[in-house]
2 protein chains.
Amino acid sequence: MADRLAVGIDIGGTKIAAGVVDEDGRVIARTRRETPTTEPEAVLDAIVEITAEFRAELPVKAVGIGAAGFVDASQSTVLFAPHLAWRHEPLRDRVARRTMLPVMVDNDANTSGWAEWRFGAAQNEPDLVLITLGTGIGGALVIDGLPYRGHFGIAGEFGHMQVVPGGNACECGNLGCWEQYASGRVLGRRAAAAVAEGSPIGRRLAEAAGGPERVEGAHVTPLAESGDEEAIAWIAEVGDWLGVGMANLAAALDPGLFVVGGGVSDAREMLLGPAREAYSRTLTGRGYRSEARIVRAHLGPEAGLIGAADMARLTARRRRPANPAARVRVRAAARSGRSPKRRR
Amino acid sequence: MADRLAVGIDIGGTKIAAGVVDEDGRVIARTRRETPTTEPEAVLDAIVEITAEFRAELPVKAVGIGAAGFVDASQSTVLFAPHLAWRHEPLRDRVARRTMLPVMVDNDANTSGWAEWRFGAAQNEPDLVLITLGTGIGGALVIDGLPYRGHFGIAGEFGHMQVVPGGNACECGNLGCWEQYASGRVLGRRAAAAVAEGSPIGRRLAEAAGGPERVEGAHVTPLAESGDEEAIAWIAEVGDWLGVGMANLAAALDPGLFVVGGGVSDAREMLLGPAREAYSRTLTGRGYRSEARIVRAHLGPEAGLIGAADMARLTARRRRPANPAARVRVRAAARSGRSPKRRR
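Since we're looking at a predicted model, the values are computed, not measured.

Asker: Would you mind going over the overall build of chain A with me for this structure?
Answerer: Summing up its helical and strand segments, chain A has 10 helices and 13 strands in all. Taken over C-alpha atoms, the radius of gyration comes to 20 Å for chain A, in line with the 20 Å a tight globule of 344 residues would show. Along the three orthogonal principal directions, the C-alpha set of chain A runs to about 65 × 50 × 40 Å. The buried share among the 344 residues of chain A stands at 58%. Relative to all contacts within chain A whose residues are 6 or more apart in sequence, the contacts with residues 24 or more apart total 63%. Per element, the accessible surface of chain A, about 13,600 Å² overall, is 50% carbon and sulfur. If you average the places of the 42 positive and of the 41 negative side-chain charges in chain A, the two averages end up 9 Å apart.

Okay, structure coming up:
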């Protein structure tokens, strides 16, 4: 048991979600707090505090961190995090120094994708594209059953593929990025415009949110669920762009499965139905090829921390061979750890 | 020596190029003929005849075929070839039955990419995107030093990623595919229009081609090389779209290297200069990340047959273990065969 628990910490632009995760991907303790977005030191302090709190109660053996940013190929340094203050932050070593635990750092979408492959929607599919629809689009690749991070560590930035030349301006500095058309941001933009115009749906959103100034993109899905035609159409439009972009990814990567997670995926078939339709309509070679399945993520908002903990646990075990005999056992464990395992 | 020679056959929409290739990627015998595009049986006959001719002279031990089409994940069946008459053609087994040799079938861009990684421009770069600019765009991926073909065998169809919503109609049935903006087809279309309009560059092209009816896209590059400003601008425009599309691929895949081959790459820096500029301009996260190099392919038009032969040779050796000791040797050979080797 002792070496089977790891801390997973998911550092998003607004929230830090953390938990202690066992070898079957179960979260057996959890905590949340606001992300201190302007102070890199404060985020580091929070990580160390959370780890210490968990450790006082449970024998954790490693720390995995999923961060909303570019992480380098050695899983040690956050190169750039648009919503945080980190620039070339050597996070792995700084946390390891203050916790004396093995630490793994990866992009939050990569850790979520890993969790879905190990314990969630993608357990039997080794060629996997994960798409996380939050405010933007996060992405992860699993290839031949292993995470693929690219040569420099930052593969999977699907949201910044250009889909409309000269299109909507993106926070990344480009125009027409996919996430400007197929993410929660689109719903937020439409909702804000509707409120500003005082249109009927704007008034319905304001009512649902408890005031026009409180309206966010997240209010659109409940409204659509209640049967609001316009809200349904907005989500369908996002789904349509999602499908077009997935067909682009399929042309390049030909995966067996797309897993769609993130808050916007709460819209379920209102999103995925139009996405599948657009995908089948625009997939190159359709009719002559097998088509990837498109499913919703299973693990919900804890996927990122579950995957981070699991990756840290597997990495830590691989890194600590005591003697040749132990090394063989460690390798066997790492191998079996990589194969899909049902969540009990 | 005996088990070190393999036949490579590159089946394009207009030409079949074939050769006998040694273990260092040298072509030691070669032949060419027209592709019989309407008769699947005639292509099969040609493959068998070419193999028999080579075999009468040299001890070839395997046949590798690179075909311009979708090949399934087991490297045996051509699912669909837009420029040939094949539909679900079980090519591997049909050739094997008539030659009694081990046969490997793959997409022609995959075989070209493999050749560049083994013997050409990408020898030290295990995370590689190959882009072949001919009439359309072919593509191949090498990931962690192995060809990546996708879950169903048809990854790398980069040319059919949509870059302009509602854009130019593509032969694949979609609108706005990348190859409608960044391939030889663009030069052909511009050249044809210029000839039809009787514009100055149209007259210059007709003169170079020996008559207006003979003008093709391939005449643009020599004209640009002679200093023609308009021809240079046309190639730069293709290069610009090439760079934008490569930035999209880098967002998703983060490779270490792009290798650009195919006939259009004969324009060299007139193409690659603007491509690099557009790539650096539109790459997401630029300034915070390492950037892939962009280089021209080294092996020229024989890359496809060289790679096909090499893949067939390696596959055949892996498939023929005589006894356990031999099996160990075979594996060692296959492993060493996978590592980069300089062309002597």
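That covers the picture; the talk isn't over yet.
Asker: So what exactly am I meant to see when it comes to the pattern of salt bridges here?
Answerer: Pairing between side chains of opposite charge can happen when the charged atoms of each approach one another. Scanning the entire structure with this criterion turns up 44 salt bridges over all chains. A salt bridge links Arg-281 of chain B to Asp-240 of chain B; the shortest N-O distance between them is 3.3 Å. With Arg-281 of chain B in helix H8 (residues 269–282) and Asp-240 of chain B in helix H7 (residues 229–253), the pair connects residues that are 41 residues apart, well separated along the chain. On the basis of relative accessibility, which here comes to 27%, the residue Asp-240 of chain B falls in the partly exposed class. Three or more residues are tied together by salt bridges with common partners; here these are Asp-22, Asp-24 and Arg-26 of chain A.

Asker: Would you mind showing me how to read the sheet that holds strand S13 (residues 293–296) of chain A here?
Answerer: Strand pairs in the sheet, formed through backbone hydrogen bonds, run parallel or antiparallel to each other. Residue and element names in this part refer to chain A. Overall, mixed pairing links the five strands, which are arranged S11-S10-S9-S12-S13 in an open sheet. One side of each edge strand has no neighbouring strand; the edge strands of this open sheet are strand S11 (146–148) and S13. Ignoring strand direction, the axes of neighbouring strands in this sheet form an average angle of 25 degrees. In this sheet, S11 lies alongside strand S10 (residues 137–143) in antiparallel orientation, the contact comprising three bridges. Its bridge partner being in S11, Leu-141 is matched across the sheet by Tyr-148. Taken strand by strand, helix H3 (residues 108–119) contacts strand S9 (128–133), S10, S11 and strand S12 (257–261), and its axis lies near 50 degrees from that of S10.

Asker: What should I look at first to understand the packing of helix H1 (residues 40–57) of chain A against helix H2 (residues 91–99) of chain A in this one?
Answerer: Describing two packed helices takes the angle between their axes plus the distance from one axis to the other. All names here are of chain A. Relative orientation of the contacting elements H1 and H2 amounts to 45 degrees, with a least axis distance of 10 Å. One finds that H1 runs oblique with respect to H2. For H1 against H2, the interelement crossing comes out right-handed. Contact residues: H1 offers Glu-41, Leu-44, Asp-45, Ile-47, Val-48, Thr-51 and Arg-55, while H2 offers Leu-91, Arg-94, Val-95, Arg-98 and Thr-99.

Asker: Can you walk me through the interface of chain A and chain B in this structure?
Answerer: The partner chain B presents 51 residues to the 51 residues of chain A that form the contact. When chain A packs against chain B, close to 3,900 Å² is buried across both sides, 58% of that on carbon and sulfur atoms. Connecting chain A to chain B are zero salt bridges. At the surface where chain A touches chain B, the tally comes to 26 residue pairs in polar contact (both at pLDDT 80 or more). Within the residue set of the side of chain A that touches chain B, elements represented by two or more residues are strand S6 (78–80), strand S7 (87–89), S10, helix H7 (229–253) and helix H8 (269–282) of chain A. Taken together, the residues that form the side of chain A that touches chain B break down as 25 nonpolar, 15 polar and 11 charged.

Asker: Please explain the sheet that holds strand S9 (residues 128–133) of chain B as it appears in this structure.
Answerer: Residue and element names in this part refer to chain B. In spatial order, the strands read S11-S10-S9-S12-S13; together these five strands make up an open sheet with mixed pairing. Whereas interior strands pair on both sides, the edge strands pair on one side only; in this sheet they are strand S11 (146–148) and strand S13 (293–296). Across the sheet, the mean angle from the axis of one strand to that of its neighbour is 25 degrees, orientation sign disregarded. Against the sheet, H7 touches S9, strand S10 (137–143), strand S12 (257–261) and S13, its axis set at about 155 degrees to S9.

Asker: When you look at the side chain of Thr-99 of chain A in this model, what are you seeing that I'm missing?
Answerer: Residue and element names in this part refer to chain A. Along the chain, Thr-99 falls in helix H2. For Thr-99, a relative accessible area of 6% gives the class buried. In terms of polar contacts, Thr-99 uses its side chain to reach the backbone carbonyl oxygen of Val-95, at 2.8 Å. Dropping the residues within four chain positions of it, Thr-99 is found in contact with Val-48, Thr-51 and Arg-55.

Asker: I tried to follow the relation of the copies chain A and chain B on my own but got confused; where do I start?
Answerer: Here two copies of a chain appear, and what relates them is a rotation about an axis with a shift along it. For these two chains of identical sequence, chain A goes onto chain B by a turn of 180 degrees and a shift of 0.0 Å along the axis, with RMSD 0.0 Å. Taken together, the rotation and translation describe the operation of a two-fold axis. The share of interface residues of chain A whose copies in chain B are also at the interface is 100%, consistent with both copies meeting through the same surface.

Asker: When you look at the packing of aromatic side chains in this model, what are you seeing that I'm missing?
Answerer: Between two aromatic rings, the relevant description is the distance of the centres plus the angle of the planes. Scanning the entire structure with this criterion turns up eight aromatic pairs over all chains. Each ring, one from Phe-80 of chain A and one from Tyr-288 of chain B, has its centre 3.9 Å from the other, and the planes form 5 degrees; the classification is stacked. Placement of Phe-80 of chain A in strand S6 and of Tyr-288 of chain B in the loop between H8 and S13 is noted, with the two residues assigned to different chains. The rings of Phe-70 and Phe-80 of chain A together with Tyr-288 of chain B are connected pair by pair, giving a single aromatic cluster.

Asker: I'm lost on the domain arrangement of chain A in this one. Help?
Answerer: Reports of interface size often rely on the accessible area that becomes lost once the parts have come together. All names here are of chain A. Examined at the domain level, chain A breaks down into domain 1 (2–114 + 301–338) and domain 2 (125–190 + 197–297). Taken together, the contact pairs 14 residues of domain 1 with 15 residues of domain 2. A combined buried area of about 1,200 Å² lies between domain 1 and domain 2, and 61% of that area is made up of carbon and sulfur atoms. Counting across the domain 1 and domain 2 interface gives one salt bridge. One salt bridge connects Asp-106 with Arg-149, and the closest N-O pair in it is separated by 2.5 Å. Here domain 1 is connected to domain 2 by three residue pairs in polar contact (both at pLDDT 80 or more).

Asker: Help me understand the side chain of Asp-10 of chain A in this model?
Answerer: With respect to the helices and strands, the residue Asp-10 of chain A is situated in strand S1 (residues 6–11). The contact partners of Asp-10 of chain A, leaving out residues within four places of it in the chain, are Lys-15, Ile-16, Ala-17, Gly-66, Asp-108, Pro-301, Gly-304 and Leu-305 of chain A.

Asker: In this structure, what is going on with the pairing of strand S2 (residues 15–21) of chain B? I would like to understand it.
Answerer: The side chains of a regular strand alternate between both faces of the sheet. All names here are of chain B. Burial runs high along S2: six of the seven residues are buried. Where strand S1 (residues 6–11) and S2 come together, six bridges link them in antiparallel fashion. Bridge pairing links Ile-11 to Ile-16 in S2. Linking S1 back to S2 in an antiparallel pair, the connection comprises three residues. In terms of strand pairing, S2 meets strand S3 (residues 27–34) through seven bridges, oriented antiparallel. Within the sheet, the bridge partner assigned to Ile-16 lies in S3 and is Arg-33. Hairpin remark: S2 followed by S3, antiparallel, with five residues in the connecting loop; positive phi at Gly-25, about 80 degrees.

Asker: When you look at the confidence of the model for chain A in this model, what are you seeing that I'm missing?
Answerer: The predicted coordinates should not be examined in detail at positions where pLDDT is low. Residues and elements named next belong to chain A. For chain A, the mean per-residue pLDDT works out to 89, and 91% of the residues sit at or above 70. Summarising per-element confidence for chain A, the mean pLDDT is lowest in helix H10 (residues 324–338) (42) and highest in H7 (98). Overall, residues 320–344 carries pLDDT values under 50, and its contacts beyond four positions in sequence, including any with other chains, amount to 31 contacts.

What counts and what doesn't
- Throughout, residues of each chain are indexed from 1 in the direction in which the sequence is written.
- Note on labels: chains are lettered from A, ligands numbered from 1, in written order.
- Under the rules for a predicted model, residues below a pLDDT of 70 receive no local features and side-chain atom pairs below 80 are neither given nor counted, while totals for whole chains, interfaces and linings still include all residues.
- Processing note: side-chain calculations cover all non-hydrogen atoms of the structure and skip hydrogens and water entirely.
- Secondary structure elements follow DSSP: runs of H or I no shorter than four residues count as helices, runs of E no shorter than two count as strands, and numbering proceeds from the N terminus.
- All radius of gyration figures rest on C-alpha atoms, and the globule criterion is 2.2 Å times the number of residues raised to 0.38.
- Note on classification: 1.4 Å probe, protein chains only; a residue is buried when its accessible area is under 20% of the maximum for its type, exposed when over 50%, partly exposed between these limits.
- Residues are treated as being in contact if the distance between any of their heavy atoms lies within 4.5 Å.
- Note that accessible areas follow from Shrake-Rupley with a 1.4 Å probe, and for residues the cover is restricted to the protein chains shown.
- When charges are tallied, Lys and Arg are placed among the positive residues and Asp and Glu among the negative ones, while His and the ends of the chain are skipped.
- In this description, the location of a charge corresponds to atom NZ of lysine, CZ of arginine, CG of aspartate or CD of glutamate.
- Note on definitions: salt bridges are taken to be side-chain nitrogens of Lys or Arg within 4 Å of carboxyl oxygens of Asp or Glu.
- The rule for pairing is simple: two strands pair if DSSP sees at least two bridges between them.
- Here the axes come from fitting lines to C-alpha atoms, over the contacting stretch only for helices, and the angles between their N-to-C directions go from 0 to 180 degrees.
- Geometric relationships in this document are graded by angle, where less than 35 degrees denotes roughly parallel, more than 145 denotes roughly antiparallel, 65 to 115 denotes roughly perpendicular, and other angles denote oblique.
- We call a crossing left-handed when the near helix sits turned anticlockwise from the far one by less than a right angle, and right-handed when that turn is clockwise.
- Put simply, buried area is the surface a 1.4 Å probe can reach on two separate parts but cannot reach once they are joined, added for both.
- Polar contact is the term for a pair of N or O atoms within 3.5 Å; when the atoms are in protein, one must be able to donate a hydrogen and the other to accept it, and sequence-neighboring residues count only if both atoms are side-chain atoms.
- Charged residues are taken to be Asp, Glu, Lys and Arg, nonpolar residues to be Ala, Val, Leu, Ile, Met, Phe, Trp, Tyr, Cys and Pro, and polar residues to be all remaining types, Gly included.
- To line up the copies, we fit them by least squares on C-alpha atoms, keeping just the residues with pLDDT of at least 70 in both.
- Centre distance within 6.5 Å is the pairing criterion for rings of Phe, Tyr and Trp, where only the six-membered ring of Trp is used; planes under 30 degrees apart are then read as stacked, over 60 as edge-to-face, and the remainder as tilted.
- Domain extents, as shown, originate in an automatic or database domain assignment.
- Scored between 0 and 100, pLDDT is the confidence that the predictor attaches to each residue.

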